[in-house]
Amino acid sequence: MSTPKLLIAYDGSPNARGAMQTAAGLFPGAIAVLLYARQPLEGFAAHLEGHPALEKLQGLDAAALDVSEKIATDGAELARSFGLVAEPLISSTMATASEAIVEAAEELDVDVIILGSRGLRGFKATLLGSTSANVLHHATRPTLVIPSDAVALARRNNRRTADAE
């Protein structure tokens, strides 16, 4: 069997780190691309052409890109410490994170998309959107959503409470 190629959506959060560690246990030695999806400030800046604030905004966007590169690089280093063969990738597009993940998975021809779950439900999930749900609905690749230990524990406790009622 060939070595699987993973696309791991990574934003530096504890949930993303937990998902990466679980993926490393499930797919030891896999090739992993750590994707950090960022949205540049171009959309906001489009109407500022010629305005003095545009220069400041471009400086902020450059700083945000530097931070994005650090997050992706740190993620790849962490993935390597878990035994994956990892490289960082930054998506800098006006698309949503979920669109960037699905697009990158296709372009890279990955075997599995890996995402962490924040565990949002109800109004918060509706208001903030759910990257994992959107990826699940639009991906053409197998997709694994891994809840963090805290999210899994909260879900178990909620289930126990509901069963006890």
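Residues numbered from 1 in each chain as written. Predicted model: local features only at pLDDT ≥ 70, side-chain atom pairs only at ≥ 80, totals over all residues. Heavy atoms only, no water.

Side note on the overall build of the protein chain
Helix and strand counts for the protein chain stand at seven helices and five strands. Each of the 165 residues in the protein chain was classed as buried or not, and the buried ones make up 34%. Look at the contacts in the protein chain between residues 6 or more apart in sequence, and 78% of them connect residues 24 or more apart. As displayed, the protein chain has an accessible area near 9900 Å², and 55% of this comes from carbon and sulfur atoms. (Helix = DSSP H or I, 4+ residues; strand = E, 2+ residues; numbered from the N terminus. Buried < 20%, exposed > 50% of the residue type's maximum accessible area, 1.4 Å probe, protein only. Contact = heavy atoms within 4.5 Å. Areas by Shrake-Rupley, 256 points an atom, 1.4 Å probe, with all protein chains shown as cover.)

Thoughts on the nonpolar core
Counting residues in hydrophobic clusters, the biggest one holds 21 residues, and the most contacted among them are Leu6, Ile8, Met20, Ala32, Leu34, Leu84 and Ile114. For this core, the secondary-structure elements that each account for two or more residues are strand 1 (5–9), helix 1 (14–26), strand 2 (31–38), helix 3 (53–81) and strand 4 (112–117). Formed by 13 residues, the second largest nonpolar core is a distinct cluster that contains Val33, Leu35, Val102 and Val110. (Core = buried A, V, L, I, M, F, W, Y, C linked by side-chain atoms within 4.5 Å.)

Considering the pattern of salt bridges
Counted by the stated rule, this structure contains three salt bridges. In this structure, aspartate 74 and lysine 70 form a salt bridge, with 2.8 Å as the shortest nitrogen-oxygen distance. With a gap of four residues between them, aspartate 74 and lysine 70 both fall in helix 3, about one helical turn apart. Residue class for aspartate 74 comes out partly exposed when judged on its relative accessible area of 32%. Residue lysine 70 is classed as exposed on the basis of its relative accessible area, which comes to 51%. A salt bridge links glutamate 106 to arginine 141; its shortest N-O distance comes to 3.3 Å. (Salt bridge = Lys/Arg side-chain N within 4 Å of Asp/Glu carboxyl O.)

Notes on a positive patch on the surface
A cluster of basic residues, Arg155, Arg156, Arg159 and Arg160, forms a positive patch on the protein surface. With respect to the secondary-structure elements, arginine 159 resides in helix 7 (residues 149–164). Taking relative accessible area as the criterion, arginine 159 reaches 52% and is therefore assigned exposed. (Patch = residues over 30% accessible without salt bridge, like charges linked within 9 Å, V, L, I, M, F, W, Y side chains within 5 Å. Lys, Arg positive; Asp, Glu negative; His and termini not counted. Charge placed at Lys NZ, Arg CZ, Asp CG, Glu CD.)

Quick look at the packing of helix 4 (residues 97–108) against helix 6 (residues 131–138)
Packed helix pairs are specified by the crossing angle of their axes together with the interaxial distance, meaning the distance between the axes. Viewed as axis vectors pointing N to C, helix 4 and helix 6 meet at an angle of 40°, and their least axial separation amounts to 8 Å. It follows that helix 4 is oblique to helix 6 by the angle criterion. In the crossing of helix 4 with helix 6, the sense of the turn from one axis to the other is right-handed. Contact residues: Ala97, Ser98, Ile101 and Val102 in helix 4; Thr131, Asn134, Val135 and His138 in helix 6. In the contact of helix 4 with helix 6, the residues fall into four nonpolar, four polar and no charged. (Axes fitted to C-alpha atoms, helices over the stretch in contact; angles between N-to-C directions. Parallel < 35°, antiparallel > 145°, perpendicular 65-115°, else oblique. Left-handed = near helix turned anticlockwise from the far one by under 90°. Nonpolar A, V, L, I, M, F, W, Y, C, P; charged D, E, K, R; others polar.)

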